[in-house]
Amino acid sequence: ILEFLALHGQPYCTDESNSDTVFLRNRIRHELIPLLEEKFNPSVIDSLERLSRIIRSENDFLELKTEDALNQCIKSSSIESTEIERTRFIQLHPALQARVLRNIILRLKNDLKRFSLVHATDAIELAASGAFPKTLDLPGMIRIYFSKNTITVRKEDIPLRQLGTIEKDKRRKV
């Protein structure tokens, strides 16, 4: 890049933070990559670029498969909840199960902040457990309701702690 700029007489400025190894990205750029090139593979950058292209292509394919799987499982969907068929869901490959859940949560929350593989694994295990009814609370006021036939992922309107108190009060009155 610098050669190109010099060749074309283009001025540039250097951001001093780019050389500060306090930042992880800079430690990778200035320490890890040179070490990998020196000790393991002089073409590590090319290898990582090829790997990145492969992963991007495979991810695109898996996204298409995820949409197909979700469409096969879905019973109903709205702004605040999505209901899927439990038996169809548990028949999916585990990688697709996790992606379907991520897709549903992304649609409901508009982000995946604080949603992790641990949450997806917990939901998949509860779906397969056969012990119903069950619920699973996730970050961002997401609650998953498990029944014999369905899994409903819902974005609640109130914090789940308050919702739990309301549900307990209802059970006490019964």
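Residues numbered from 1 in each chain as written. Predicted model: local features only at pLDDT ≥ 70, side-chain atom pairs only at ≥ 80, totals over all residues. Heavy atoms only, no water.

So, about the sheet that holds strand 2 (residues 81-85). For sheets, the rule is that strands pair by backbone hydrogen bonds, running either parallel or antiparallel. Read from one edge of the open sheet, five strands run 1-2-5-4-3, paired in antiparallel fashion. Of all strands in the sheet, those with a lone pairing partner are strand 1 (74-77) and strand 3 (134-138), marking the two edges. Strand-to-strand twist in this sheet, taken as the mean axis angle between neighbours without regard to direction, amounts to 15°. Of the pairings in the sheet, the one linking strand 1 to strand 2 comprises three bridges and is antiparallel in character. Counterpart to S76 in the pairing with strand 2 is E83. (Pairing = 2+ DSSP bridges. Helix = DSSP H or I, 4+ residues; strand = E, 2+ residues; numbered from the N terminus. Axes fitted to C-alpha atoms, helices over the stretch in contact; angles between N-to-C directions.)

Our focus in this paragraph is unusual backbone geometry. For the peptide bond that leads from F132 to P133, omega is -5°, which places it in the cis range. Looking at the element boundaries, P133 is found in the loop between helix 6 (117-129) and strand 3. Although it is not a glycine, N110 sits at a positive phi angle of roughly 70°. As for its placement among the helices and strands, N110 is situated in the loop between helix 5 (94-109) and helix 6. Given a relative accessible area of 66%, N110 falls into the exposed group. Positive phi outside glycine occurs at M141, with the angle close to 60°. As for its placement among the helices and strands, M141 is situated in the loop between strand 3 and strand 4 (142-146). (Buried < 20%, exposed > 50% of the residue type's maximum accessible area, 1.4 Å probe, protein only.)

This part covers a nonpolar patch on the surface. Residues L24, I28, L32 and L35 make up a contiguous nonpolar surface patch of about 340 Å² in total accessible area. Its place among the elements puts L24 in helix 2 (residues 24-39). When its relative accessible area of 54% is taken as the criterion, L24 is described as exposed. (Patch = residues over 30% accessible without salt bridge, like charges linked within 9 Å, V, L, I, M, F, W, Y side chains within 5 Å. Areas by Shrake-Rupley, 256 points an atom, 1.4 Å probe, with all protein chains shown as cover. Salt bridge = Lys/Arg side-chain N within 4 Å of Asp/Glu carboxyl O.)

Over its 16 residues, helix 5 extends 22 Å from the first C-alpha to the last, a length consistent with the 22 Å expected when each residue adds 1.5 Å. Every buried residue of helix 5 is listed here: L96, Q97, A98, R99, V100, L101, N103, I104, I105, L108 and K109. Where helix 5 ends, the next residue or the one after it, N110, has phi of about 70°, a positive value. (Expected span 1.5 Å × (residues − 1).)

Moving on: the pattern of salt bridges. Applying the stated criterion across every chain yields a total of seven salt bridges. Residues E38 and K39 are paired through a salt bridge, measuring 3.9 Å at the closest nitrogen-oxygen approach. The same class applies to E38 as to K39, namely exposed. A salt bridge links R107 to E67; the nearest nitrogen and oxygen atoms lie 3.0 Å apart. Here the residue R107 occupies a position in helix 5, and E67 occupies one in helix 3 (residues 44-73), the gap between them amounting to 40 residues.

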